[in-house]
Amino acid sequence: MPTLNLHTNVPVDTVVASDILKDATKAVAKIIGKPESYVMVLLNGSVPIAFAGTEAPAAYGELISIGGLGPSVNGKLSSTIAEILETKLSIDCSRFYIKFYDAQRSFFGFNGSTF
C-alpha cells in the first residue's frame, strides 16, 4: 500500500504524467520491496509553490507505507524520485522535498476495512 503523493508547480501534460506515474510506481515497488499492485502514485501539476523565495520549478512529495521504510530505503527513494522529476519535468533535485511516513496497519484503510 505504499502511496506517493507528488505536487509540483510545473504544468504536467497527459503523456508526461503517464510516464511519471509508471516510472514512480515501478521505483517505489522495487525499492520498498512490495508488489506494484499495491502501489498508488498521485501527481498534482500546476500547484502554486514557492521554494527558496522563487516560483521556479519545484516539487513536494509524501510517501506513506506500512513498513519497508528506513534511512537507507528513504535515501534511495528520495534520489530515484528526484531523478524522475528532473528527467521528466526539469525540476532540479535541490528544489524537491519528500517526507516519509511509516504508518501502522490500522491507520490505513482499503477495501472497506484496514490493513
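Quick caveat, the model's predicted, so the values are computed rather than measured.

Trainee: Got a minute to help me understand the overall build of the chain in this structure?
Mentor: Along its length, the chain carries 2 helices and 6 strands. Taking 13 Å as the expected radius of gyration for a compact globule of 115 residues, we find that the chain reaches 14 Å, a close match to that expectation. Within the chain, buried positions represent 37% of all 115 residues. Contacts in the chain between residues at least 24 apart in sequence constitute 79% of all its contacts with a sequence separation of at least 6. Accessible surface for the chain amounts to roughly 6500 Å². Of this, 56% is attributable to carbon and sulfur atoms. Positive and negative side-chain charges of the chain, numbering 9 and 10 respectively, have mean locations separated by a distance of 9 Å.

Trainee: Even after reading the chapter, I still don't get helix α1 (residues 14–32), so can you show me in this structure?
Mentor: Each α-helix winds once per 3.6 residues, and so residues spaced three or four apart point in a common direction. When the terminal C-alpha atoms of α1 are compared, their 27 Å separation across 19 residues agrees well with the 27 Å that a helix rising 1.5 Å per residue should span. Here α1 has its buried residues at A17, I20, A24, T25, A27, V28, A29, I31 and I32. Residues of α1 that are buried in the fold lie against β1 (3–8), β2 (40–44), β3 (59–65) and α2 (71–89). Regarding α1, its N-cap is D13, as a side-chain oxygen of that residue lies 3.1 Å from the backbone nitrogen of V15 further along. Two residues or fewer past α1, G33 is found with a positive phi of approximately 85 degrees.

Trainee: What exactly am I supposed to notice about the packing of aromatic side chains here?
Mentor: Two descriptors summarise a pair of aromatic rings, namely the distance from one centre to the other and the angle between the planes of the rings. Inspection of every chain in the model, using the stated rule, returns 3 aromatic pairs. Here a set of aromatic residues connected by ring pairs shows up, and it is made of F108, F110 and F115.

Trainee: What is the right way to look at the side chain of T3 in this model?
Mentor: Within the element layout of this structure, T3 appears in strand β1. Classification of T3 by relative accessible area gives buried; the value is 12%. Excluding residues within four positions of it along the chain, T3 makes contact with M40, L42, E62, L63, I64 and F108.

Trainee: Explain the sheet that holds β1 here, please?
Mentor: Adjacent strands of a sheet pair through backbone hydrogen bonds, lying either parallel or antiparallel. What the 4 strands build is an open sheet, ordered β2-β1-β3-β4; its pairing is mixed. With partners counted over all chains shown, the strands left at the sheet margins are β2 and β4 (96–102), one partner each. For this sheet the average axis-to-axis angle between neighbouring strands, irrespective of direction, equals 10 degrees. Relative to β2, β1 runs parallel, the two sharing 5 bridges. Within β2, the position partnered with N5 by the bridge is L42. Against the sheet, α1 contacts β1, β2 and β3, and its axis sits at roughly 140 degrees relative to β2.

Trainee: I'm lost on the packing of α1 against α2 in this one. Help?
Mentor: The description of two helices packed together rests on the angle between their axes and the distance between the axes. Close contact between α1 and α2 brings their axes to 10 Å; oriented N to C, the two are set at 165 degrees. It follows that α1 is roughly antiparallel to α2 by the angle criterion. Where α1 crosses over α2, the two elements pack in a sense that is right-handed. Counting all contacts with α1, which are made through V16, D19, I20, D23, A24, A27, V28, I31 and I32, the residues of α2 involved are V73, K76, L77, T80, I81, I84, K88 and L89. A per-class count over the contact of α1 with α2 returns 12 nonpolar, 1 polar and 4 charged.

Thresholds applied
Residues numbered from 1 in each chain as written. Predicted model: local features only at pLDDT ≥ 70, side-chain atom pairs only at ≥ 80, totals over all residues. Heavy atoms only, no water. Helix = DSSP H or I, 4+ residues; strand = E, 2+ residues; numbered from the N terminus. Rg over C-alpha atoms; globule rule 2.2 N^0.38 Å. Buried < 20%, exposed > 50% of the residue type's maximum accessible area, 1.4 Å probe, protein only. Contact = heavy atoms within 4.5 Å. Areas by Shrake-Rupley, 256 points an atom, 1.4 Å probe, with all protein chains shown as cover. Lys, Arg positive; Asp, Glu negative; His and termini not counted. Charge placed at Lys NZ, Arg CZ, Asp CG, Glu CD. Expected span 1.5 Å × (residues − 1). Polar contact = N/O pair within 3.5 Å; in protein donor to acceptor, adjacent residues only side chain to side chain. Phe/Tyr/Trp six-rings, centres within 6.5 Å; stacked < 30°, edge-to-face > 60°. Pairing = 2+ DSSP bridges. Axes fitted to C-alpha atoms, helices over the stretch in contact; angles between N-to-C directions. Parallel < 35°, antiparallel > 145°, perpendicular 65-115°, else oblique. Left-handed = near helix turned anticlockwise from the far one by under 90°. Nonpolar A, V, L, I, M, F, W, Y, C, P; charged D, E, K, R; others polar.

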